[in-house]
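Architecture and fold: a report
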Amino acid sequence: MVEYDRLSREELVERLKALENGVSDRTQLPNPRSVSEEQYRTLFDNMVEEVHFWKLVRDDAGHIQTWRLVDLNPAGERSWGMARASVVGKTADEIFTTATEHFMPIVTRIFETGQPYSWETYFQDIDQHMRMTSVPFGEYFFTTGFDVTELKKNSARQEKLSLMARMATEASEIGVWELDLDTGRLTWNPQMSQIFGTEPKSLSHTASDWSDRLHPDDRDEMVAKLQTCIETGEKFVGNFRIVTPSGETRVIKARSEILKSESSGTPVLIGTNIDITAQEDLINELQVSKELANASNAAKSEFLASMSHELRTPLNAVIGYSELLKLMAADRLTEKDREYLDDILESGQHLLSLINDVLDLSQIEAGSVEIDEEEISIADIFDHVETFILPLASRKGLSIERQPMPPCLPRVCSDRMRLSQILINLLSNAIKYSPDGGRITLAAEIPSRHRIRLSVTDAGCGIAPDDQSVIFDPFTRLHNDSMTPAEGVGIGLAVSKKLADRLGGVIGVDSDVGSGSTFWLDFPCEPGGTTRDESCGKTSRPLMPADPA
């Protein structure tokens, strides 16, 4: 028995030629039995590619009209999706609608020349791209076919991906380069030439095309880093400067890594370069602008602090002498004189309050406000601010109502004076916008295991949602028909917010137009501890009862 491996197209052609040479009558297809049935069938059935034998069909004038199938191997059955028994004996047009029209030029060619012919085609009837070879034998010919549809699709996908990559690098102006580590040849795309300001024809295609254009202050470091990348295989990512032939300095963002060539297996160093000079210039400009703005802001704050101090000195004298005059000359003043003195005192104290707010705001913005933390009781803070604010509330007939304290409210680590200042500002604001004879509520609560909240609620006209987003901005005052004009220039809430930030808290407001407002101050806290992570050096009561062991 003769054994055959699976054969290629070329091997089949040679062996069938050998079979054909052994036949005396060249007008007949070689009979497999005259050579070896087993030899023929093994050869035929084990072909990797499809193989089909055809016999010409001629008209009376001897012209080729079509061709009839004599044999089809298993690979052909799979390719056509048809069983051998169902198609043998049929003409090409009976098997495929467009076969004669599609393949007549090929069949005519091989019988005119007597030579095999190979070609590639798309056969619509089976929706395949085929690589084919046809060989003539007397009035017969056989054809081998290999389905290259997937190869075509993969090639098309690869071309598409290559095109997309090229378009992306061109659109984003990314330079791409490759250094063959065996030959030392450097190649790069047109974007690299644009970045480095060179003409492609002037390149030497060596590493010097890159290294010679490095900024002198960056050259040694970059060459060393690239060498490390080559020796260790580590990726290189970094920025460096180059100097173009025109003398322009540019900043380059680069990355590179070692890859092995799929074709040769030799290592290559592949990298990208992006010109980020414009971004770096913008960052530098923004940094300079920021420094100038900070300097200007610091100068403004220093000026306001200085001016506030200069204004407070004579103003304190005016207030002091007015109070002294009111005391020492009480029996000699007329009712009108007392009214005038009261106006002077009230105006002076109001102006002093505004100056103090401006001074606080400038000091906070300048970063000169120091926070002196200590462990304090919320009840003590409420007592202090009530004592301070009650005289102001009583002038409008307002009452200050304190809600009962939660039983587990902790002592807090904070700055006593600054926390009191925030609450006084919130209470003063509530008094300004509350109707005469109303009520203001002061409360402390524990909304969650990680927060403690202090709040001030008034029965004023409320704040619209759009206004709530700007009410803590400096010098912002709200005006609408339902509001009673109030004193001030809109600094108190801004100062309160900045102080709350410095104390590690958050300040906010809940309000509906016509239903009053609740201003609140939240502090973060840990269950079983104080409201700040820092220790005040004392033991405080837990925020929540400890979980049972």
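Attention here is on the structure that accompanies the text.

Thresholds applied
- Residues numbered from 1 in each chain as written.
- Predicted model: local features only at pLDDT ≥ 70, side-chain atom pairs only at ≥ 80, totals over all residues.
- Heavy atoms only, no water.
- Helix = DSSP H or I, 4+ residues; strand = E, 2+ residues; numbered from the N terminus.
- Buried < 20%, exposed > 50% of the residue type's maximum accessible area, 1.4 Å probe, protein only.
- Contact = heavy atoms within 4.5 Å.
- Areas by Shrake-Rupley, 256 points an atom, 1.4 Å probe, with all protein chains shown as cover.
- Pairing = 2+ DSSP bridges.
- Axes fitted to C-alpha atoms, helices over the stretch in contact; angles between N-to-C directions.
- Expected span 1.5 Å × (residues − 1).
- Bend = angle between axes of the 7 residues up to and from the residue.
- Parallel < 35°, antiparallel > 145°, perpendicular 65-115°, else oblique.
- Left-handed = near helix turned anticlockwise from the far one by under 90°.
- Salt bridge = Lys/Arg side-chain N within 4 Å of Asp/Glu carboxyl O.
- Core = buried A, V, L, I, M, F, W, Y, C linked by side-chain atoms within 4.5 Å.

What follows concerns the overall build of the protein. Along its length, the protein carries 17 helices and 17 strands. Expressed as a percentage of the 549 residues in the protein, the buried residues total 38%. Long-range pairs, those at least 24 residues apart, make up 59% of the contacts in the protein between residues at least 6 apart in sequence. Entry remark: accessible area of the protein is about 31000 Å², with carbon and sulfur atoms responsible for 52%.

Our focus in this paragraph is the sheet that holds strand β3 (residues 117-123). A sheet is described by the order of its strands in space; here 5 strands give the open sequence β2-β1-β5-β4-β3, paired in antiparallel fashion. At either end of the open sheet lies a strand with only one pairing partner, and these are β2 (64-72) and β3. Strand-to-strand twist in this sheet, taken as the mean axis angle between neighbours without regard to direction, amounts to 35°. With 6 bridges connecting them, strand β1 (residues 50-58) and strand β5 (residues 140-147) associate as antiparallel partners. Across the sheet, the residue bridging to F53 is F142, located in β5.

It is worth spelling out helix α7 (residues 99-113) at this point. Helix length check: α7 (15 residues) gives 21 Å between terminal C-alpha atoms against 21 Å at 1.5 Å per residue, within 8%. At P105, α7 is deflected by roughly 35°, the largest bend along its length. Along α7, the residues that are buried comprise A99, T100, F103, M104, I106, V107 and I110. Looking at the buried positions of α7, the neighbouring elements they touch are β1, β2, α6 (92-95), β3, β4 (128-137) and β5. Immediately beyond the C-terminal end of α7, within one or two residues, lies G114, with a positive phi of roughly 70°.

A separate point is the packing of helix α15 (residues 416-433) against helix α17 (residues 492-502). At a closest axis distance of 9 Å, the pairing of α15 and α17 adopts a crossing angle of 150°. In terms of axis orientation, α15 runs roughly antiparallel to α17. Between α15 and α17 lies a crossing of left-handed hand. Between α15 and α17, the contacting residues are R418, Q421, I422, N425, L426 and N429 on the first element and G492, L493, V495, S496, L499 and A500 on the second.

Under the defined criterion, the tally for this structure stands at 16 salt bridges. In this structure, a network of salt bridges that share partners links the residues D383, E386 and R402.

This next bit is on the nonpolar core. Counting residues in each nonpolar core, the largest one holds 42 residues, and the members touching the most others are I378, I422, I440, L454 and F519. Counting residues per element, the ones that place at least two in this core are α13 (335-365), α14 (378-394), α15, β14 (439-448), β15 (451-457), α17, β16 (506-511) and β17 (517-524). By residue number, the principal contributor to this core is α15, which donates 8 residues. Excluding residues within four positions of it along the chain, I422 makes contact with S496, L499, A500, L503, I507 and L521.

All right, on to the sheet that holds β15 then. Read across the sheet, 5 strands follow the order β12-β14-β15-β17-β16 without closing on themselves; strand pairing throughout is mixed. On the outer flanks of this sheet lie β12 (399-402) and β16, each paired with one strand and no other. The sheet shows a mean angle of 20° between the axes of neighbouring strands, direction not considered. As paired elements, β16 and β17 share 6 bridges and run antiparallel to each other.

This is a description of form; function is not addressed.
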